[in-house]
Amino acid sequence: MSAINKQKSNTIHVGLLTSGGDAPGMNAAIRAVVLAAAANNINVTGFHHGYNGLIGNECSLLSLDDVQGIIRLGGTILKSARCKAMTEKSGIDKAVDTLKQNKIDALIVIGGDGSFCGLQAIQKHWQGLTIGIPGTIDNDIDGTDYTIGFSTAVNTAIDAIDKIRDTANAFDRVFIVELMGA
């Protein structure tokens, strides 16, 4: 019997996943969720590889040991992916079935606009609580001033552009820089 099935039936059980492109700070958000949950006797199950892991029931119970020291790591310990199946009813139905099978009371998704669209689709077919944490370097979540990862992406771009400008000046050249997000 898995650790997920051994939990007390009266304990609140939260599912957590990161979806779409990774953004700096996702691991810090994962850690914050697990720490807050542990302080309130709430179990957290992490679904790996975004919605693909939710659909395929690829998950593990997250403990304080799992999140110790992850703040300094880039990316996301839960891994991330885009998931075409979440645009189809059959994919959404499989995701909802996994939530029910694992007795998840609330689903937290850390991601951007596409991730939140998937969360809204689940919400229409599932009675649990849904929570979105904006995590995208694009800063494209309506009603949100800043998202996890946006400030780091902007500051990293500024630092790189400053260095490139020095080289351009040294050779009297013009460089064109293209940024993703921001």
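Positions within a chain are numbered from 1, following the residues in the order the chain's sequence is written. Reporting of local features is limited, given that this is a predicted model, to residues whose pLDDT is at least 70; pairs of side-chain atoms are given and counted only at 80 or more, and all residues count toward the totals for whole chains, interfaces and linings. In computing side-chain values, all of the structure's heavy atoms are included and hydrogens and water are not.

A.B. asks: Can you help me understand the nonpolar core in this one?
C.D. replies: In a soluble, globular protein the nonpolar side chains are often hidden away together inside. Residue types Ala, Val, Leu, Ile, Met, Phe, Trp, Tyr and Cys, when buried and joined through side-chain atoms within 4.5 Å, form a set referred to as a nonpolar core. Exposure categories follow from relative accessible area, calculated using a 1.4 Å probe and restricted to protein chains: below 20% of the type maximum is buried, above 50% is exposed, and the middle band is partly exposed. Among the nonpolar cores identified, the biggest contains 19 residues, and Leu 16, Ile 30, Val 44, Leu 62 and Ile 110 are the most heavily contacted of them. Runs of H or I in DSSP of at least four residues are treated as helices and runs of E of at least two as strands, each being numbered from the N terminus. Elements supplying a minimum of two residues to this core: strand E1 (13–18), helix H1 (26–39) and strand E4 (106–111). Per-element tally for this core: the top contributor is H1, with six residues. By definition in these notes, contact holds between two residues if any of their heavy atoms fall within 4.5 Å. In this view, Val 44 contacts Val 14, Leu 16, Val 33, Val 34, Ala 37, Ser 60, Leu 61 and Leu 62; residues no more than four positions away in its chain are not counted.

A.B. asks: Explanation requested: the layout of surface pockets in the structure shown.
C.D. replies: Computed from the structure, the largest pocket encloses a volume of approximately 360 Å³. Surrounding the largest pocket, 20 residues form its lining, Ser 19, Gly 20, Gly 21, Arg 82 and Ser 115 being those nearest its centre. Looking at side-chain class alone, the lining of the largest pocket contains five nonpolar, 10 polar and five charged residues. Detection works on a 1 Å grid of protein atoms alone, calling trapped sets that fit a 1.4 Å probe cavities and calling open sets with protein on both sides within 12 Å along at least five of seven lines pockets, with lining residues defined by an atom within 4 Å of a point. Grid points are joined across faces, edges and corners, and a volume is the space filled by probe spheres set on the points. By the convention adopted, Pro, Cys, Tyr, Trp, Phe, Met, Ile, Leu, Val and Ala count as nonpolar, Lys, Arg, Asp and Glu as charged, and the other residues, Gly among them, as polar.

A.B. asks: Sorry if this is basic, but what is going on with the confidence of the model for the protein chain here?
C.D. replies: Low-confidence regions, as indicated by low pLDDT, have predicted coordinates that should not be scrutinised in detail. pLDDT is defined as a per-residue confidence score from the predictor, taking values between 0 and 100. Summarising the model, the protein chain shows a mean pLDDT of 90, and 93% of its residues fall at 70 or more. Here residues 1–7 scores under 50 on pLDDT; set against residues more than four positions off or in separate chains, the count is 11 contacts.

A.B. asks: Sorry, what's going on with helix H6 (residues 150–170) here?
C.D. replies: Structurally, the α-helix is built with 3.6 residues per turn, so residues lying three or four positions apart point the same way. One less than the number of residues in a helix, times 1.5 Å, gives the span that helix is expected to have. With 21 residues, H6 ought to run about 30 Å at 1.5 Å a step, and its terminal C-alpha atoms sit 31 Å apart, in line with that. Phi turns positive one or two residues past the end of H6, at Asp 172, with a value near 50°.

A.B. asks: Whenever I open this one, the pairing of strand E2 (residues 43–47) confuses me. Can you help?
C.D. replies: Within a regular beta strand, the side chains point alternately toward one face of the sheet and then the other, so they alternate between its two faces. Among the five residues in E2, five count as buried, and that is most of the element. Where burial is concerned, the two faces of E2 agree: the one with Asn 43, Thr 45 and Phe 47 and the one with Val 44 and Gly 46 are both buried. Only when DSSP finds a minimum of two bridges between them are two strands counted as paired. Direction of pairing for E1 relative to E2: parallel, over a ladder of four bridges. Within E2, the residue paired with Gly 15 across the bridge is Thr 45. Read from E1 through H1 to E2, the crossover connection turns out right-handed. Convention used here: a crossover is right-handed provided that the path from the first strand, over the helix, to the second strand proceeds clockwise when the strands point away from the viewer.

A.B. asks: In this structure, what is going on with the sheet that holds E1? I would like to understand it.
C.D. replies: Two orientations exist for strands paired in a sheet by backbone hydrogen bonds: parallel and antiparallel. Strands sit in the order E3-E2-E1-E4-E5 across an open sheet of five strands; the sheet is mixed. Single-partner strands in this sheet number two, and they are strand E3 (59–62) and strand E5 (129–134). When the angles between neighbouring strand axes are averaged without regard to direction, this sheet yields 25°. Where E2 and E3 come together, four bridges link them in antiparallel fashion. Residue pairing across strands places Gly 46 opposite Ser 60, the latter belonging to E3. Think of each axis as a best-fit line through the C-alpha atoms, taken over the contacting stretch in the case of a helix, with angles from 0 to 180 degrees between the N-to-C directions.

A.B. asks: Would you explain the state of the cysteines in this entry?
C.D. replies: Structurally, a disulfide amounts to a covalent bond that connects the sulfur atoms of two cysteines. The disulfide criterion used throughout: a pair of cysteine sulfur atoms within 2.5 Å. Under the defined criterion, the tally for this structure stands at zero disulfides. The cysteine Cys 59 is free of any disulfide, with Cys 83 supplying the nearest cysteine sulfur at 15 Å. Overall, the relative accessible area of 22% leaves Cys 59 in the partly exposed class.

A.B. asks: Looking at this structure, how should I read the side chain of Thr 18?
C.D. replies: Mapped onto the elements of the fold, Thr 18 is located in strand E1. Other than its neighbours up to four places away in sequence, Thr 18 contacts Met 26, Ile 30, Gly 50, Thr 76, Leu 78, Lys 79, Ser 80 and Ile 110.

A.B. asks: Where do I start with the pattern of salt bridges in this structure?
C.D. replies: A side chain with one charge can pair with a side chain of the opposite charge if their charged atoms come near. By salt bridge we mean one thing: a side-chain nitrogen of Lys or Arg within 4 Å of a carboxyl oxygen of Asp or Glu. Evaluation of the coordinates by the stated rule reveals three salt bridges. Across the salt bridge formed by Lys 89 and Asp 93, the nearest N and O atoms sit 3.0 Å from each other. Taken together, the residues Lys 89 and Asp 93, both in helix H4 (residues 89–101) and four residues apart, mark about one turn of the helix. Classification of Lys 89 as exposed rests on a relative accessible area of 52%. Notably, a salt bridge pairs Arg 165 with Asp 162, separated by 2.3 Å at the nearest N-O pair. Taken together, the residues Arg 165 and Asp 162, both in helix H6 and three residues apart, mark about one turn of the helix.

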